[in-house]
Amino acid sequence: MLSLVVLISGGGTNLRSLLDAAEDAEYPARIVAIGSDRDAEGLANAEAFGIPSFVVPFSSFADRDAWGAELLREIATWTPDLVILSGFMRLLPPGVVDALAPRLINTHPAYLPEFPGAHGVRDAMAAGVTQTGASVIVVDNGVDSGPIISQRRVPVLPGDTEHRLHDRIKLVERELLVQAVLDIANGTVNLEELSHT
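Bear in mind that the values here come from a model prediction, so they are computed numbers and not experimental data.

## Some thoughts on the environment of arginine 73
(1) Moving on: Among the secondary structure elements, arginine 73 is positioned in helix 3 (residues 64–76).
(2) Moving on: Taking the C-alpha atoms as reference points, arginine 73 and valine 189, separated by 116 residues in sequence, lie 27 Å from one another.

Printed below as a string of structure tokens:
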């Protein structure tokens, strides 16, 4: 059974998909703690599911490294098998990534390496592409540049707005994330091997 710590910054819709999946006794992962860099709306999920939560506010620290050290300390208290960035909108300092890698994964609303960065959906629309996608990756110290665990195409439909397209991508992201955790738990995906290819 994989133990997960999930980090969020917003509403926690991907987190909710994992929580729902873990309600099934057959699903081989359990969320042991939910963390955030702010008083995020998604922390209500922790309360609803009776899961411990923690907040390490970025603004309370002198710099990113000091914040990262405290975040890492909080994560380490739960000794997770896997840490998931689920709509976590803060760049982790290299020391944190190095300490957790390769058991640190993230979702991204584009078909990487297309449209990395914070505005993947907006960038896809601006480029006028007919399809974009969603990806689950191992986090490294680049910008959405880590090894790809899984990804799927999502069409850009006529009349799409950024919001409408993003909503459709999020549905795919959730499915990919739940499946990726399952694949890691059952050994179909080996993060160590993936990170050394």
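## Observations concerning the environment of serine 145
(1) Moving on: Locating serine 145 in the fold gives a position in the loop between strand 6 (131–138) and strand 7 (148–155).
(2) Moving on: Since its relative accessible area comes to 45%, serine 145 is described here as partly exposed.
(3) Moving on: Here the alpha-carbon distance between serine 145 and glutamine 179, two residues 34 residues apart in the chain, equals 21 Å.
(4) Moving on: Setting aside anything within four residues of it in sequence, one finds serine 145 in contact with Ile137 and Asp140.
(5) Moving on: Looking at serine 145, its side chain comes within polar contact range of the side chain of aspartate 140, at 2.8 Å.

## Focus on the sheet that holds strand 5 (residues 104–108)
(1) Moving on: Read across the open sheet, the 7 strands follow the order 3-2-1-4-5-6-7; overall the sheet is mixed. Each having just a single partner strand, strand 3 (53–55) and strand 7 make up the two edges of the open sheet. Neighbour-to-neighbour, the strand axes of the sheet open up by a mean angle of 20°, direction not taken into account.
(2) Moving on: Note that strand 4 (residues 82–85) and strand 5 share 3 bridges and pair parallel.

## Section: the packing of helix 5 (residues 120–127) against helix 6 (residues 162–185)
(1) Moving on: One way to put it is that helix 5 packs onto helix 6 with a least axis distance of 10 Å and a crossing angle of 120°. By the criterion of interaxial angle, the relationship of helix 5 to helix 6 is oblique. Crossing handedness for the pair helix 5 and helix 6: right-handed. Across the interface between the two elements, Val121, Arg122 and Met125 from helix 5 touch Glu162, Leu165, His166 and Ile169 from helix 6.
(2) Moving on: Grouping the constituent residues of the contact of helix 5 with helix 6 by class yields 4 nonpolar, 1 polar and 2 charged.

## Quick word on helix 6
A turn of α-helix holds 3.6 residues, and therefore any two residues three or four places apart point the same way.
(1) Moving on: Between the first and last C-alpha of helix 6 there are 34 Å, a value that for 24 residues agrees with the 34 Å anticipated at 1.5 Å per step.
(2) Moving on: Among the residues of helix 6, Leu165, Ile169, Val172, Glu173, Arg174, Leu176, Leu177, Val178, Ala180, Val181, Asp183 and Ile184 are the ones counted as buried.

## Here's the deal with the packing of aromatic side chains
(1) Moving on: The full count for this structure, using the stated rule, is 2 aromatic pairs.
(2) Moving on: Consider the rings of phenylalanine 58 and tryptophan 67, whose centres lie 5.3 Å apart with planes at 70°: the pair is edge-to-face.
(3) Moving on: Taking the centre distance of 6.2 Å and the plane angle of 10° together, the rings of tryptophan 67 and phenylalanine 88 count as stacked. With tryptophan 67 in helix 3 and phenylalanine 88 in the loop between strand 4 and helix 4 (94–100), this pair connects stretches of sequence that are 21 residues apart.
(4) Moving on: Through a chain of ring-to-ring contacts, three or more aromatic side chains come together here, namely Phe58, Trp67 and Phe88.
(5) Moving on: The residue whose ring lies beneath arginine 90 is phenylalanine 58, and the NZ or CZ to ring-centre distance is 3.9 Å.
(6) Moving on: For the cation-ring pair, arginine 153 lies above tyrosine 111, with the distance from its terminal atom to the ring centre recorded as 3.8 Å.

## Re the side chain of glutamate 173
(1) Moving on: The residue glutamate 173 is located in helix 6 in this model.
(2) Moving on: Buried charge glutamate 173 goes without a salt bridge, the closest partner of opposite sign being arginine 174 at 6.7 Å.
(3) Moving on: Setting aside residues up to four positions removed in sequence, glutamate 173 forms contacts with Asn14, Thr107, His108, Pro109 and Ala134.

## Considerations on the nonpolar core
(1) Moving on: Formed by 38 residues in total, the largest nonpolar core has its most connected members in Leu18, Ile31, Leu82, Ile84, Ile105, Ile149 and Val181.
(2) Moving on: Of all elements in the fold, only strand 1 (2–8), helix 1 (13–22), strand 2 (29–36), strand 4, strand 6, strand 7 and helix 6 reach the threshold of two or more residues within this core.
(3) Moving on: Ranked by residue count, the leading element in this core is helix 6, at 9 residues.

Parameters and conventions
- Residues numbered from 1 in each chain as written.
- Predicted model: local features only at pLDDT ≥ 70, side-chain atom pairs only at ≥ 80, totals over all residues.
- Heavy atoms only, no water.
- Helix = DSSP H or I, 4+ residues; strand = E, 2+ residues; numbered from the N terminus.
- Buried < 20%, exposed > 50% of the residue type's maximum accessible area, 1.4 Å probe, protein only.
- Contact = heavy atoms within 4.5 Å.
- Polar contact = N/O pair within 3.5 Å; in protein donor to acceptor, adjacent residues only side chain to side chain.
- Pairing = 2+ DSSP bridges.
- Axes fitted to C-alpha atoms, helices over the stretch in contact; angles between N-to-C directions.
- Parallel < 35°, antiparallel > 145°, perpendicular 65-115°, else oblique.
- Left-handed = near helix turned anticlockwise from the far one by under 90°.
- Nonpolar A, V, L, I, M, F, W, Y, C, P; charged D, E, K, R; others polar.
- Expected span 1.5 Å × (residues − 1).
- Phe/Tyr/Trp six-rings, centres within 6.5 Å; stacked < 30°, edge-to-face > 60°.
- Lys NZ or Arg CZ within 6 Å of the ring centre and 35° of its normal.
- Lys, Arg positive; Asp, Glu negative; His and termini not counted.
- Salt bridge = Lys/Arg side-chain N within 4 Å of Asp/Glu carboxyl O.
- Core = buried A, V, L, I, M, F, W, Y, C linked by side-chain atoms within 4.5 Å.

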